[in-house]
Amino acid sequence: MTPELVSFIVLAIASTASALGVIFFKNAVYSALSLILTLLFLAMFYLLLGAMFIAVVQILIYAGAIMVLFLFVVTMLVPEQTEDALRDYIPWQRAVAGILGLVLVGGLSYLIFTGANTTAPKAVGGSLQAAVNAPQSGNIEAFGQALFHGFLFPFEVTSLLIVIAILGALIFGRRA
Amino acid sequence: MTHSIPLSAYLIMSAILFSIGVVGVLIRRNPLIIFMSIELMLNAVNLSFVALSSYLDSADGQMFVFLVLTVAAAEVVVGLALIVSIFRTRRNIDVDEMNILRG
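The paragraphs below set out a description of the structure included in this document. Along every chain, residues carry numbers that run from 1 in the direction the sequence is written. Chain letters start at A and ligand numbers start at 1, both assigned in the order the entries are written. Under the rules for a predicted model, residues below a pLDDT of 70 receive no local features and side-chain atom pairs below 80 are neither given nor counted, while totals for whole chains, interfaces and linings still include all residues.

Side note on the overall build of chain A
Right, on to step 1. In this description a helix means any DSSP run of H or I spanning at least four residues, a strand means any run of E spanning at least two, and both kinds are numbered starting from the N terminus. Helices and strands together make up the secondary structure of chain A, namely 6 helices and 0 strands.
Right, on to step 2. Scanning chain A from its N terminus toward the C terminus, one meets helices and strands in the order α-α-α-α-α-α.
Right, on to step 3. Our exposure labels follow a C-beta count within 10 Å of each residue's own C-beta, placed from the backbone: buried means 20 or more other C-beta atoms, exposed means 12 or fewer, and partly exposed covers the counts in between. Per-residue burial for chain A yields a buried fraction of 27% across its 176 residues.
Right, on to step 4. A pair of residues counts as a contact when their C-beta atoms, built from backbone coordinates, are within 7 Å of each other. Nonlocal contacts in chain A, meaning residues at least 24 apart in sequence, comprise 39% of its contacts between residues at least 6 apart.

Brief notes about the nonpolar core
Right, on to step 1. Core membership is restricted to buried Ala, Val, Leu, Ile, Met, Phe, Trp, Tyr and Cys residues, and these are joined into a nonpolar core through C-beta atoms within 7 Å. Counting residues in each nonpolar core, the largest one holds 60 residues, and the members touching the most others are Y46 of chain A together with M36, L47 and V50 of chain B.
Right, on to step 2. Looking at this core, the elements that each hand over two or more residues are α1 (3-24), α2 (28-48), α3 (52-76), α5 (139-150) and α6 (152-173) of chain A together with α1 (7-27), α2 (31-55) and α3 (60-90) of chain B.
Right, on to step 3. Counting residues per element, this core draws most heavily on α2 of chain A, which supplies 11 residues.
Right, on to step 4. Segment limits for the domains were obtained from an automatic or database-derived domain assignment. Residue assignment places this core across two domains, with domain 1 (1-79) and domain 2 (123-176) of chain A each supplying three or more.

Observations concerning the interface of chain B and chain A
Right, on to step 1. Facing the 53 residues of chain B at the interface are 57 residues of chain A.
Right, on to step 2. Listing elements by their share of the side of chain B that touches chain A, those giving two or more residues are α1, α2 and α3 of chain B.
Right, on to step 3. No other element matches α3 of chain B, which puts 22 residues into the side of chain B that touches chain A.
Right, on to step 4. Basically, the charged four are Asp, Glu, Lys and Arg, the nonpolar ten are Ala, Val, Leu, Ile, Met, Phe, Trp, Tyr, Cys and Pro, and anything else, Gly included, counts as polar. In terms of residue class, the side of chain B that touches chain A is made up of 36 nonpolar, 12 polar and 5 charged.

Take a look at the structure:
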């Protein structure tokens, strides 16, 4: 029962539960928050697989920008079913949240002080000839080598795609 | 890197998340929730890419995740602008009511 297996099982159960929460909550805001939780669990999956850069990018862009956009729109639009939601106020919620916050701080401090286990460096993409001289230290360097040697043209095309998306949003968002 | 978990575990996880997204697209009528289910499907595919990239020791899979992330962001921007403009004219965002183009 390695730590990797334990964390995989915990993450699998948790991400499946939050993904089910996305599609089954009646309140759209709960669905959006559940999707943010799913995205965070997926970022932990990426950390488990050794893709540190993608994990951070996932949190920054997906959970940090795309879901914020979703929440803006969800809270702006009126839900179609006007059900009077039951205001269930859990009395012990703040105490549990405080304890979990302390657990999080304790866990992070423990990792910082004892030093996290760094895995072996990753090889660069097999389809690139320039990747032979890539430095063998760190995952982000391999990703950077792949990005700027083999995938440079798709990278530039995505900037064009983003400009098109911004223009489209501006056109759709204008008051007629 | 050395793995103790078989690759099929990650791929099954990705398949489970993908099918949850598909069910969400099929059973919900709020287009925002349908959008979120589509994002869930995209993330399931990202998990497959990252898992295969890690098990085959290639950074190409992570590059594709980067591109999928960018395309998903662009798609969300345009889709949400569409939904907001539909809401402005109809004051209602039930997908079952959007049947003007039906032949």
